[in-house]
Amino acid sequence: MAENATESMKDYEKELERSFRTINEGDIVSGTVIAVSEEDVTLDLNYYTQGIIKTENLSNDPDFNPKEQLQIGDEIEATVIKVDDGNGNIELSKKEANDVLAWDKLAEMMENETVVNVRIKESVPSGVVTFLEGIRAFIPASQLSTDYVEDTDKWIGKEVPVEVINVDKKNKLVLSGKVVARKQQEEERNHRIAMLVPGTVVEGTVESIMPYGAFINLGNGISGLVHISQICQKRIGSVHEVLKEGQKVKAKIINTNDNRVSLSMKALEQPEEAAEETDAE
C-alpha cells in the first residue's frame, strides 16, 4: 500500500508544481518548443496553459526563420507579455528576454575569445551589420579582414568567422573577423616554421636591416633573423657593410625556437663542427 501511495505522489509531482506556480507579466520563463508555424511558436511551460510567441516577437534579426532555426524540443527563454492572450494562452516575447539575457552570454563569448560564424546582413557607413544571439552587431570595415576593405557592399551575404571585441548595452556590439583571420594565419605560419629542419640551407631575400642583424624573407610568409654575429666570420661594425635590402642570400637554419627562425650565413663559410660550436656559444 505504501509503495503504491509513493508512486501516486510521484505521478502528481508535476501537477502539484504547476498548481502552486504563478507566472506574472514581465517574468522570464523557460519552455520547450512543441509546435512551430509561420505565425507563432508554441511552448510547453510546465504550467496549466501553454506559451505562445508570435513570429514578430522571436528575434530582432529580420531574416530569422522559425521553421529553419527552431526545432521541436528546443528550450527557449522568453518574457511574459500577457498572462492571457484572449485564447487562454500566455503571450511571450523571446526578443524581449534576449535583450536582457544575451548580453551576459556575449560578454562570456568575448572573455573566452569564442569564434562564431555570422552572415553579413547589410552595409553601412564604415562597416557592415550582422546579428549575433539576436543582437544587432557592427563590424568595422577595418575589422572585416586582414586585407584592406574598400567596398563593404561586396560582403553582404557572406558568412564570416568572428570574435566579440566589445560588449556595451548602451552602445554597440562590435565584432571582428580580422582577429580570427590573424590567429589563423599565425597558426598556419607556426606550423610551417615547425616543419623547418635545423641544419637545412635556405635561400631568401634581405627584407630589412637592423643594427643587430638582418631579416631574410624565406617566402611562404616566413622570415628569419641573421644576427650580426652570424653574417660572416670577420667582425663587422655594421650590417650594411655586407648586406643590402633586396639582396639574395643563402643561410643555414640554426633553430626554430619559440616559432622564430634563426639563421647563419657564417655557418656556410666554415666546417660543420665550427658552426655547431658557434651555435652553442
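Since the model is a prediction, treat every value here as computed from it, not as a measurement.

> Describe the overall build of the protein chain, naming the residues involved and giving the relevant values.
Helix and strand counts for the protein chain stand at six helices and 16 strands. For the protein chain, the proportion of its 281 residues judged to be buried stands at 38%. Long-range pairs, those at least 24 residues apart, make up 57% of the contacts in the protein chain with a sequence separation of at least 6. In the form shown here, the protein chain has an accessible surface area of approximately 17000 Å², with 46% of it arising from carbon and sulfur atoms.

> Go over the sheet that holds strand β11 (residues 173-176) with me, naming the residues and quoting the values.
In spatial order, the strands read β6-β10-β11-β9-β8-β7; together these six strands make up an open sheet with mixed pairing. Edge positions in the open sheet fall to β6 (116-119) and β7 (122-124), since each of these has one partner strand only. Adjacent strand axes in the sheet meet at a mean angle of 50° when their direction is disregarded. Here three bridges tie strand β10 (residues 159-166) to β11, and the two strands are oriented antiparallel to one another. The residue bridging Asn166 from the neighbouring strand is Val174, located in β11.

> I'd like to hear about the layout of surface pockets, residue by residue, with values.
Here the largest pocket is characterised by a volume of approximately 720 Å³. In this structure, the largest pocket is lined by 27 residues; those nearest its centre are Phe64, Lys94, Asn98, Glu133 and Gly134. Listing elements by their share of the lining of the largest pocket, those giving two or more residues are β4 (75-82), α4 (94-112), β6 and β8 (127-132). When residues of the lining of the largest pocket are assigned to their parent elements, the largest contribution, seven residues, is made by α4. Residue composition of the lining of the largest pocket, grouped by class: 10 nonpolar, six polar and 11 charged.

> Explain the confidence of the model for the protein chain to me, and be specific about the residues and the numbers.
Per-chain confidence: the protein chain averages 87 in pLDDT, with 88% of residues scoring 70 or above. Taken element by element, the predicted model of the protein chain shows its lowest mean pLDDT in helix α6 (residues 272-280) (46) and its highest in β10 (96). In this model, residues 272-281 is a region of pLDDT below 50 whose contacts with residues beyond four sequence positions or in other chains number eight contacts.

What counts as what
Residues numbered from 1 in each chain as written. Predicted model: local features only at pLDDT ≥ 70, side-chain atom pairs only at ≥ 80, totals over all residues. Heavy atoms only, no water. Helix = DSSP H or I, 4+ residues; strand = E, 2+ residues; numbered from the N terminus. Buried < 20%, exposed > 50% of the residue type's maximum accessible area, 1.4 Å probe, protein only. Contact = heavy atoms within 4.5 Å. Areas by Shrake-Rupley, 256 points an atom, 1.4 Å probe, with all protein chains shown as cover. Pairing = 2+ DSSP bridges. Axes fitted to C-alpha atoms, helices over the stretch in contact; angles between N-to-C directions. 1 Å grid on protein atoms, 1.4 Å probe; cavity = no way out; pocket = protein on both sides within 12 Å on 5 of 7 lines; lining within 4 Å. Points joined across faces, edges and corners; volume = space filled by probe spheres on them. Nonpolar A, V, L, I, M, F, W, Y, C, P; charged D, E, K, R; others polar. pLDDT = per-residue confidence, 0-100.

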